[in-house]
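So the chains spell out like this:
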Amino acid sequence: MVLATSSFAQYRLEYGGTVGIANYLGDIGGKEKSRRDFIADMKLAKTRQAASGYIRYKFTPNLFAKAELSYMRIAGDDKLSTNPGRNARNLSFTNDMFDLALHAQVVFYENTDLGSDYRFRLAFRSYAGIGIGGFFSNPKAKYDGVNYKLRPLETEGVAYKSIGLCIPATIGFHFTYRKKHRFGWELNWRTTFTDYLDDVSQGWGDPSKMTDIGQKLSYRTDELDPNLFEDGYLNNFGFKKENTINKRGDATHNDSYLTMNFTYGYIIRGKSSFYRSRYGSFFKKKGRSKMRKIRAKF
């Protein structure tokens, strides 16, 4: 039994990919109220694509480590908001992001023999995890049909970095078919330490210190029809030296982003060091019968 378990139950390494959707929580878009946390302030109309590739390793039956390289697009548009202040601000963005993260995942429920036929052809696991990662961010906005990178323009008079840290938190499940094919679903929420995934955080920058296109993309209220708002309302927007508030965004909350993906992984079967060192050469000799393959839990 020890020999059989150590030689045939070493299904530890898995590689695969995911496809799904992405969204974000930040300063642009949202609903009728001021900024709220988590999904309450997201606009589903700005949900965009996501994909990733990963390698996952099983340390114990209930503990996995996963390294993942992901791509996702996040976006936002004040035109979709029902908040008058956001409508009048009139900002929008898209951001094609990449992140690389390492996750620790813990299984909290499993059934290794769905169907109870003692053949262990189909297994189910649900898990939760947390990790650490780094991301590349590149917010852009469109003006007259052209996409411009916003970070170099310093639309708020602030220089920020394109690379940052994130804390990914995951929850998901997967089915394992015939010990080789793994199909699943995963939700991954990344908390960041920046408020500039959407190029909005504090107040309007001084236009005298910007390029011409920087001025146009920093202050976009002048593109709106003033007849759609109360008299004088639009005067509250834009840079004014005498305006001590000068609120363009909410600097008290950092941005975050999430993906929801369908996953597929292929599991590589290996043999234990115990089997190779003690019995590997024995079963290669001529005239010896091969050890019978038996089923084991995965």
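Everything numeric here is computed off the predicted structure, so don't read it as measured data.

A closer look at the overall build of the protein chain
1) Next: When helices and strands are counted, the protein chain shows four helices and ten strands.
2) Next: The linear arrangement of helices and strands in the protein chain, starting from the amino end, is α-β-β-β-α-β-β-β-β-β-β-α-β-α.
3) Next: Sorting the 298 residues of the protein chain into buried and exposed places 45% on the buried side.
4) Next: Restricting the contact set of the protein chain to residue pairs at least 6 apart, pairs at least 24 apart contribute 76%.
5) Next: If you sum the accessible surface of the protein chain, you get close to 16300 Å²; carbon and sulfur atoms cover 58% of it.

Side note on the environment of W189
1) Next: For W189, the position within the fold is in strand β9 (residues 181-192).
2) Next: What makes W189 buried here is its relative accessible area of 14%.

Here we look at the pairing of strand β2 (residues 48-60)
1) Next: Here ten bridges tie β2 to strand β3 (residues 63-77), and the two strands are oriented antiparallel to one another. Looking at the pairing, K58 lines up with F64 of β3.
2) Next: Hairpin connection of β2 to β3: two residues between the antiparallel strands.

Considerations on the environment of F64
1) Next: Counting through the fold element by element, F64 comes out in strand β3.
2) Next: Under the relative-accessibility criterion, F64 is labelled buried at 4%.
3) Next: Between the C-alpha atom of F64 and that of Q105, which follows or precedes it by 41 residues, the distance is 5.0 Å.
4) Next: Among all residues touching F64, those that are not within four sequence positions of it are R56, Y57, K58, H103, A104, Q105, V107, R125 and R182.

Considering the pattern of salt bridges
1) Next: The full count for this structure, using the stated rule, is eleven salt bridges.
2) Next: One salt bridge in this structure joins R73 and D96, with 2.7 Å as the shortest N-O distance. Here the residue R73 occupies a position in strand β3, and D96 occupies one in strand β4 (residues 92-111), the gap between them amounting to 23 residues.

Thoughts on the nonpolar core
1) Next: If you look at the biggest cluster of nonpolar residues, it comprises 14 residues, and the most contacted ones within it are I74, M97 and Y257.
2) Next: Elements represented by at least two residues in this core include exactly β1 (10-25), β3 and β4.

Looking at the confidence of the model for the protein chain
1) Next: Of the residues in the protein chain, 80% reach a pLDDT of 70 or more, and the chain-wide mean stands at 85.
2) Next: The element-level mean pLDDT for the protein chain is lowest in helix α1 (residues 2-8), coming to 39, with β3 highest at 97.
3) Next: Note that residues 1-9 has pLDDT below 50 and, in this model, 22 contacts with residues that lie over four places away or in other chains.
4) Next: Here residues 287-298 scores under 50 on pLDDT; set against residues more than four positions off or in separate chains, the count is 29 contacts.

A short note on a nonpolar patch on the surface
1) Next: A cluster of nonpolar residues, L13, Y15, I55, Y57, F59, L63, V106 and I268, forms a patch on the protein surface that exposes about 690 Å² of accessible area.
2) Next: Secondary-structure elements contributing two or more residues to the nonpolar patch are β1 and β2.
3) Next: The element best represented in the nonpolar patch is β2, accounting for three residues.

Describing the side chain of E156
1) Next: Turning to its location among the elements, E156 is positioned in the loop between β7 (146-149) and β8 (163-177).
2) Next: Residue E156 is classed as buried on the basis of its relative accessible area, which comes to 8%.
3) Next: A polar atom in the side chain of E156 sits 2.9 Å from the side chain of Y196.
4) Next: A polar contact of 2.9 Å, which involves the side chain of E156, links it to the backbone nitrogen of S201.
5) Next: Other than its neighbours up to four places away in sequence, E156 contacts Y196, D199, V200, S201, Q202, G203, W204, G205, M210 and R248.

Parameters and conventions
Residues numbered from 1 in each chain as written. Predicted model: local features only at pLDDT ≥ 70, side-chain atom pairs only at ≥ 80, totals over all residues. Heavy atoms only, no water. Helix = DSSP H or I, 4+ residues; strand = E, 2+ residues; numbered from the N terminus. Buried < 20%, exposed > 50% of the residue type's maximum accessible area, 1.4 Å probe, protein only. Contact = heavy atoms within 4.5 Å. Areas by Shrake-Rupley, 256 points an atom, 1.4 Å probe, with all protein chains shown as cover. Pairing = 2+ DSSP bridges. Salt bridge = Lys/Arg side-chain N within 4 Å of Asp/Glu carboxyl O. Core = buried A, V, L, I, M, F, W, Y, C linked by side-chain atoms within 4.5 Å. pLDDT = per-residue confidence, 0-100. Patch = residues over 30% accessible without salt bridge, like charges linked within 9 Å, V, L, I, M, F, W, Y side chains within 5 Å. Polar contact = N/O pair within 3.5 Å; in protein donor to acceptor, adjacent residues only side chain to side chain.

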